[in-house]
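Residue strings, one per chain:
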Amino acid sequence: MDFTKTNLKISGLEYYKIYLEIYTKYNLRNVYKRFMLISLKKVTGKEMGKTAIIIGAGGVGRVVAHKTAQNRDIFEKIVLASRTKSKCDAIASEVANRGLGEIITDRVDGDNTDEVAELIEKYQADIVINVALPYQDLSIMDACIKTKTHYLDTANYEHPDTAKFEYKEQWARDEAFKQAGVLGLLGSGFDPGVTNVFIAYAQKHHFDEIHYIDIFDCNDGDHGYPFATNFNPEINIREITANGRYWENGEWIEIPALSKKIDWDYPEIGVRDSYLIYHEEMESLVQNIPHLKRIRFFMTFSEKYLTHLRVLENVGMTSIEPINFNGQEIVPLQFLKAILPDPATLGERTKGKTNIGVYVTGVKDGKEKTIYIYNVSQHEEAYRETGANGVSYTTGVPAMIGAKLILEGKWNGEGVFNMEEFDPDPFMEELNRQGLPWKLIEVE
Ligand code: NDP
């Protein structure tokens, strides 16, 4: 049947469901699938919106699902796929209950490139938003190269057996992304993500040269548990228990974990203990911000949190070395994750604010100046809007914005990019529109 010659009036979504059914039944080859999608444009009389696949149905995946569904003009079709499909179904029904339309759900193993590629082909996705775990970054990137599909993530690759994260292997895929003619956007969360964009904005509008950057991250939320992490405990604890590292005068300086503390006065929150830790955005910023003399990253931890962490560390519970327990091999940190509260359930209990920002000093028109750009978010508001806590919210919103700018063509290019390599202005505008308003203070 030639759909293009009929007066058939069906909606895009109805047609798409027919297409999916035919695809599943007859496992059509790619050329036919593409033909059907071209016919769809003609039947419905309009250009198709874009299709995004979100991989990962944790706290961040929940926020990305809600925020993409709030922006249907760009994200016409949304597929949420993860290892556990029931988690995707639960999120999809919450999105539908909020009147935000349908989200298609599926199951995928993000570690398996062929499976991810098959998923991309099945839904003819325009972009994959990877909010599974950093361990899946490379396999999902490879599936995007294979299928010539845009890629975005929020955390850089980490090998499950080594608590070390770096961009090396993701940057090494630059040529393959170029050859596939697609864009890979790395680290489109808050930090990394918005922090990189804040610095690009400072560079574009406020400085001739940036010399010093301090990034300050405060989560002042209280969930009422004696100890819990606000995002994936395994990733979170691996990050905090690693040595601190900062960059000064062209070299990396390593210090023992949590050995440098300063008091920092966070606007709208107050003074909090802030510890120097290594954080991944510094790796790309030292390459992309010329004239930089020093960059450091500080994060707040309460005394209570650190006391629990020290005890867990001292007894070996944060180790990633497998041990034998009752004839079964287990990784202590993974076992700890299983008994700690699931971060995805913290949203309802968490009260208070987050403040993440960048404090930048440099030179403009021959004069030294300092600016502070930051966002303050409220955990309770994040929960009301998406059912997630503020940490997931501040990560998921920028992930959606990055994907939106790529699909709109406002951020374009072929290859693998970090956030500060693009024009910050459209991203800064979207932050104000999409629930993460920012402030800029010129410091005297
Ligand atoms: P969660 O642990 O809550 O969720 C991770 C999800 O990924 C789960 O649904 C999990 O499935 C799924 N998953 C894990 N392995 C696979 C796999 N092999 N295949 C398919 N799905 C898989 O994590 P968060 O939502 O808290 O964090 C998501 C990402 O966001 C992480 O990479 C984290 O590092 C990053 N992040 C970035 C921040 C930033 O500012 N840039 C801040 C906070 C987080 P299952 O339920 O079956 O386990």
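Parameters at a glance
Residues numbered from 1 in each chain as written. Predicted model: local features only at pLDDT ≥ 70, side-chain atom pairs only at ≥ 80, totals over all residues. Heavy atoms only, no water. Core = buried A, V, L, I, M, F, W, Y, C linked by side-chain atoms within 4.5 Å. Buried < 20%, exposed > 50% of the residue type's maximum accessible area, 1.4 Å probe, protein only. Helix = DSSP H or I, 4+ residues; strand = E, 2+ residues; numbered from the N terminus. Contact = heavy atoms within 4.5 Å. Salt bridge = Lys/Arg side-chain N within 4 Å of Asp/Glu carboxyl O. Near = heavy atom within 4 Å. Polar contact = N/O pair within 3.5 Å; in protein donor to acceptor, adjacent residues only side chain to side chain. Areas by Shrake-Rupley, 256 points an atom, 1.4 Å probe, with all protein chains shown as cover. Phe/Tyr/Trp six-rings, centres within 6.5 Å; stacked < 30°, edge-to-face > 60°. Lys NZ or Arg CZ within 6 Å of the ring centre and 35° of its normal.

Chemist: For this particular structure, what's the right way to read the nonpolar core?
Modeler: Nonpolar side chains in soluble globular proteins tend to be buried together. I129, F198, I210, I295, I373, F427 and L431 are the most contacted members of the largest nonpolar core, which totals 85 residues. Top element by residues in this core is helix α15 (residues 390-408). It accounts for nine residues. Other than its neighbours up to four places away in sequence, I129 contacts A52, I53, I54, I55, V64, T68, L152, A399 and A403.

Chemist: Which parts of the structure should I look at to understand the pattern of salt bridges?
Modeler: Any two side chains of opposite charge can pair, so long as their charged atoms come close to each other. Per the counting criterion, the structure on display carries 27 salt bridges. Here K85 and D89 are joined by a salt bridge, their closest N and O atoms 3.2 Å apart. Of the two residues, K85 and D89 are both situated in helix α4 (residues 85-97); the distance of four residues between them amounts to about one turn of the helix. Take K85: its relative accessible area is 32%, and that puts it in the partly exposed class. Since its relative accessible area comes to 32%, D89 is described here as partly exposed. A salt bridge links R107 to E115; the shortest N-O distance between them is 3.7 Å. Overall, the relative accessible area of 31% leaves E115 in the partly exposed class. Salt bridges sharing common partners tie together K404, E408, K410, E429, E430 and R433.

Chemist: Just checking my understanding: could you explain the site of the ligand for this structure?
Modeler: In the vicinity of the ligand there are 28 residues, among which R83, T84, K87, G110 and N232 approach most closely. Between R83 and the ligand, the recorded distance is 2.6 Å, taken from a side-chain N or O atom to an oxygen atom. Between the ligand and D191 there is a distance of 3.0 Å, counted from an oxygen atom to a backbone nitrogen or oxygen. For the ligand, the protein covers 93% of the area, taking 930 Å² as the surface of the free molecule.

Chemist: I'm lost on the packing of aromatic side chains in this one. Help?
Modeler: Counted by the stated rule, this structure contains 19 aromatic pairs. Here the aromatic rings of F227 and Y305 are separated by 5.0 Å at their centres, their planes lie at 35°, and the arrangement is tilted. Here Y305 lies in helix α12 (residues 303-314) and F227 lies in the loop between β7 (209-219) and α10 (233-241), a separation of 78 residues in the sequence. Per residue, the accessibility class of F227 equals that of Y305, and both read buried. One aromatic cluster is present, formed by F216, W264, Y266, F298, Y359, Y372 and Y374 through successive ring pairs. The ring of Y225 carries the charged tip of R349 above its face, separated from the ring centre by 3.7 Å.

Any link to function would need more than the numbers given here.
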